[in-house]
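# Analysis of the macromolecular model
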Amino acid sequence: MHPERFESWLTVGTHGLYCRPGGFHIDPHSAVNRAVITHAHSDHARAGHDHVLATRETLALMKARLGSAAKLGTQALGYGERLQVGDVTVRLVPAGHVLGSAQVVIEWRGRRAVISGDYKRSADPTNPPFELVRCDLFVTEATFALPVFTHGDAKGEVAKLLKSLKQFPERAHVVGVYGLGKCQRLIALLREAGYAEPIYLHGALAACCQIYESFAVELGALKPATGAKREELKGAVVLAPPSAIADRWSRRMPDALTAFASGWMRVRARARQRGVELPLVISDHADWRELTRTIHETGAHEVWVTHGREDALLHHIQLTGRQGRALALIGREDEES
Ligand SMILES: [Zn+2]
Ligand SMILES: [Zn+2]
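In this report, the structure presented in the accompanying data block is examined. In this text the structure is predicted, and so the values were computed from the model without any measurement.

This paragraph deals with the environment of Arg293. Relative to the helices and strands, Arg293 is located in helix α10 (residues 288-298). By relative accessible area, which is 41% here, Arg293 ends up partly exposed. Considering only alpha carbons, one finds Arg293 and Arg268, 25 residues apart in sequence, at a separation of 26 Å.

Ranked by internal contacts, the top residues of the largest apolar core, which has 46 residues, are Val175, Leu190 and Leu239. Each residue touching Leu190, except ones within four places of it in the same chain, is listed here: Val158, Leu161, Leu162, Tyr195, Ile199 and Val237. Counting residues in each nonpolar core, the second largest holds 26 residues, with Val88, Ile106, Leu137 and Trp304 among its members.

Next up on the list: the sheet that holds strand β7 (residues 82-85). In spatial order, the strands read β7-β8-β9-β10-β11-β18-β19; together these 7 strands make up an open sheet with mixed pairing. Taken across any chain shown, the strands that pair with only one partner, and hence form the sheet edges, are β7 and β19 (323-326). Averaged over all pairs of adjacent strands, the angle between their axes in this sheet comes to 25°, without regard to strand direction. Against the sheet, α10 contacts β11 (137-142) and β18 (302-308), and its axis sits at roughly 175° relative to β11. Those strands touched by helix α11 (residues 310-319) are β11, β18 and β19, and its axis lies near 170° from that of β18.

Looking at the element boundaries, Glu57 is found in helix α2 (residues 56-66). In this structure Glu57 is buried but unpaired, with Arg56 as the nearest side chain of opposite charge at 5.4 Å. Those residues within four positions of Glu57 in sequence are excluded, and the remaining contacts are Leu99, Gly100 and Phe215.

What counts and what doesn't
The residue numbering used here restarts from 1 in each chain and proceeds along that chain's sequence as written. All chains are assigned letters beginning with A, and all ligands numbers beginning with 1, in the order in which they are written. Per-residue local features are limited, in this predicted model, to residues with pLDDT of at least 70; the limit for side-chain atom pairs, both in listing and counting, is 80 or more; totals at the level of whole chains, interfaces and linings are taken over all residues. Each side-chain value is derived from all of the structure's non-hydrogen atoms; neither hydrogens nor water enter the calculation. Each helix is a run of DSSP H or I of at least 4 residues and each strand a run of E of at least 2, with the numbering of both proceeding from the N terminus. Here's how the labels work: a residue is buried when its accessible area is under 20% of the maximum for its type, exposed when over 50%, partly exposed in between, all with a 1.4 Å probe on protein chains only. Among buried residues, those of type Ala, Val, Leu, Ile, Met, Phe, Trp, Tyr and Cys that are joined through side-chain atoms within 4.5 Å constitute a nonpolar core. Contacts: residue pairs with any heavy atoms within 4.5 Å of one another. Any two strands are treated as partners once DSSP identifies two or more bridges connecting them. In this description, a line fitted to the C-alpha atoms serves as the axis of each element, helices being fitted only across the stretch in contact, and the angle between N-to-C directions of two axes falls anywhere from 0 to 180 degrees. Two residue types count as positive, namely Lys and Arg, and two as negative, namely Asp and Glu; His and chain ends fall outside the count. For this analysis, a salt bridge means a side-chain nitrogen from Lys or Arg found within 4 Å of a carboxyl oxygen belonging to Asp or Glu.

Everything listed is a geometric property; what it means functionally is a separate question.
Written out as structure tokens, the structure is:
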């Protein structure tokens, strides 16, 4: 192992990314002895690890989604706290992606690597903003790593939803949202925009909302959609997992108007394919400009790309005089985007 040669001490093996001098994996895709988890989305936080180190919020979300966060033991690390793990120091800093999401900052013999997990730079009332850490190696995601992806302002998208509610006061507005992150961000954005009515939730979304509230994220009045009277649901906002918006579940809603909040809504074909009448471009991932800006600002000479559209980003990394590498980790999906 040599500190200057990152690939000698941050290796990619059968379980994913491994820090040799620290003796732990980062977001491994199968069960390991020691894991550091960036955030609770299912493609990063798997079940069955012996020991898990993460933020308190991520541990709580993992427990709710997986039954338990680890088989033998968990350790919570607050944002900014330093911890010696084996021969390295580890620090978790906000990634701005979802509640509890963190970049993992690893220092070994004067070299610093930052593993970003998923991140975004735009404002999100439900979690602290992305914190830039200067480093020698930056490991970035690449979910929306094409110049065509520009997410724009989420507030403007929420304004579209509010306008539609005024225009169609008889129709239930059924909005497809991912259960961890997008759901709570959309609720918080609606509240920021002054929307004070109860918001109705599909049953699958309730647990994560409760955890956000237990960490003092205010979501206002939430009600279960199942069992609500048809009359109540007219002109109401009803949030449901993406899989529910096109099926029988949403047909029970009074004259459902289907919306979907996702970075993928920039691609019109995807909206059409899902039968979405009101696409809302709201993403919890960095767009092309945020990715390239962040890589530049970290000052990293070496950049590794974990998942998404690696090719365009690698090309950009090399064009700007940095060393790039595609990690091609398996088991990462672009689902919860
Ligand atoms: Zn994620
Ligand atoms: Zn991811």
